[in-house]
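Listed below are the residues making up each chain.
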Amino acid sequence: MMVFSARLCRSGVLRSPDPSALTRFAVMTARDVFRRNHARSMPQAQKALVEGDAAVLASLAHCLNLLLCHGVRPFHSSLTHYVYGDGGGEDNRGNKGSKARRELLASRDLRDVLGMAGVMIADPLFAGHPKLDRLTGILLDHFSKHEDCRNEAAGGEPDPQTRVMVFSQYRESVEDIVSVLKRSQPMIRPMQFLGQASGRSGKGLTQKEQVDIINSFQTGNHNVLVSTSIGEEGLDIGEVDLIVCYDSQSSPIRMVRKEVLKKKTPSIFVS
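Residues numbered from 1 in each chain as written. Predicted model: local features only at pLDDT ≥ 70, side-chain atom pairs only at ≥ 80, totals over all residues. Heavy atoms only, no water.

Asker: What am I meant to see in the pattern of salt bridges here?
Answerer: Pairing is possible between side chains that carry opposite charge, provided their charged atoms lie close to one another. For the coordinates displayed, the defined rule picks out eight salt bridges. Residue Asp32 is joined to Arg31 by a salt bridge in which the shortest nitrogen-to-oxygen separation is 3.0 Å. With a relative accessible area of 29%, Asp32 lands in the partly exposed category. The exposure class assigned to Arg31 is buried, which follows from its relative accessible area of 15%. The salt bridge partner of Asp176 is Arg73, with a shortest N-O separation of 3.0 Å. On the criterion of sequence distance, the pair formed by Asp176 in helix α8 (residues 171-181) and Arg73 in helix α4 (residues 72-84) is long-range, its members being 103 residues apart. The two residues Asp176 and Arg73 agree in class, both being buried. Each member of the salt-bridge network shares a partner with another, and the members are Arg31, Asp32, Arg35 and Glu51. (Salt bridge = Lys/Arg side-chain N within 4 Å of Asp/Glu carboxyl O. Buried < 20%, exposed > 50% of the residue type's maximum accessible area, 1.4 Å probe, protein only. Helix = DSSP H or I, 4+ residues; strand = E, 2+ residues; numbered from the N terminus.)

Asker: What am I meant to see in the layout of surface pockets here?
Answerer: It is a probe the size of a water molecule, rolled over the atoms, that shows where empty space is left. Counted as a void, the largest pocket has a volume near 350 Å³. As for the largest pocket, its lining consists of 14 residues, and the residues nearest its centre are Met1, Leu60, Leu104, Asp109 and Leu110. At the level of elements, α1 (2-10), α3 (44-69), α4, α5 (99-105) and α6 (108-122) are the ones that each hand at least two residues to the lining of the largest pocket. Taken together, the residues of the lining of the largest pocket break down into 11 nonpolar, one polar and two charged. (1 Å grid on protein atoms, 1.4 Å probe; cavity = no way out; pocket = protein on both sides within 12 Å on 5 of 7 lines; lining within 4 Å. Points joined across faces, edges and corners; volume = space filled by probe spheres on them. Nonpolar A, V, L, I, M, F, W, Y, C, P; charged D, E, K, R; others polar.)

Asker: I keep staring at the packing of α4 against α8 and nothing clicks. Help me out?
Answerer: Two packed helices can be described by the angle between their axes and the distance between those axes. One can describe the packing of α4 onto α8 by two numbers: an axis separation of 8 Å at closest approach and a directional angle of 145 degrees. As α4 runs across α8, the sense of the crossing is right-handed. The segment α4 lies against α8, with Arg73, Pro74 and Ser77 engaging Glu172, Ser173 and Asp176. Residues belonging to the contact of α4 with α8 are distributed by class as follows: one nonpolar, two polar and three charged. (Axes fitted to C-alpha atoms, helices over the stretch in contact; angles between N-to-C directions. Left-handed = near helix turned anticlockwise from the far one by under 90°. Contact = heavy atoms within 4.5 Å.)

Asker: Would you mind going over unusual backbone geometry with me for this structure?
Answerer: In terms of backbone geometry, most residues other than glycine have negative phi values and most peptide bonds are trans. A cis geometry characterises the amide bond from Gln185 onward to Pro186, with omega recorded as 10 degrees. Relative to the helices and strands, Pro186 resides in the loop between α8 and β2 (190-193).

Quick look at the structure:
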């Protein structure tokens, strides 16, 4: 990333070459400002180089954000898709990409990173981010306390079963969370809840599948629903006792605020 950010600094697009401080939005915003203020006076060849560097850097910044906020598996999936497209092997864009993209594809560092990440995620016991361990601990603590309450209430009116929702913005992250939480069965019984649109990691859910998952969650067959933003879009999921936001995206935050105001549902942000 440093190669592309340094060149963009020299071209006046970015102020700092530090890739750790960059996001995809910041790169694209800086590129748009550059287009308005400087691009017209720049030779076409140089402008094409700037555009190529900005496009590559924005994609890499997104992958880095996934690594830092979600884990190795979403990072590996996103970077692999950017490099190889839907083909899964050779670059499906051939030589049609920009000079910056061809430079990236020829990088040994890129191959090393993908290879290292691939080895990591091949381990079935690998947890791709420390937040996954923290999330597991939060849920185990929640269900353990609930079980203690049920034991204390033995002989009286049965305690209703507790249910938890976990929100994450990206589908690959949802799948990763469910995979890790399943290691703590039967106390944690997770199920993923996705939209109907297909993504690069697989097909979406049909409406019938969504309804079946909601019914399974409401009846207690599963006690944790791990969802993308589809879980907040007017679907009758029912009451939950705890909401966990795995990331800090604005849409789930709005949903949590709404739920807290309406039902006083406890909410936790995992960071």
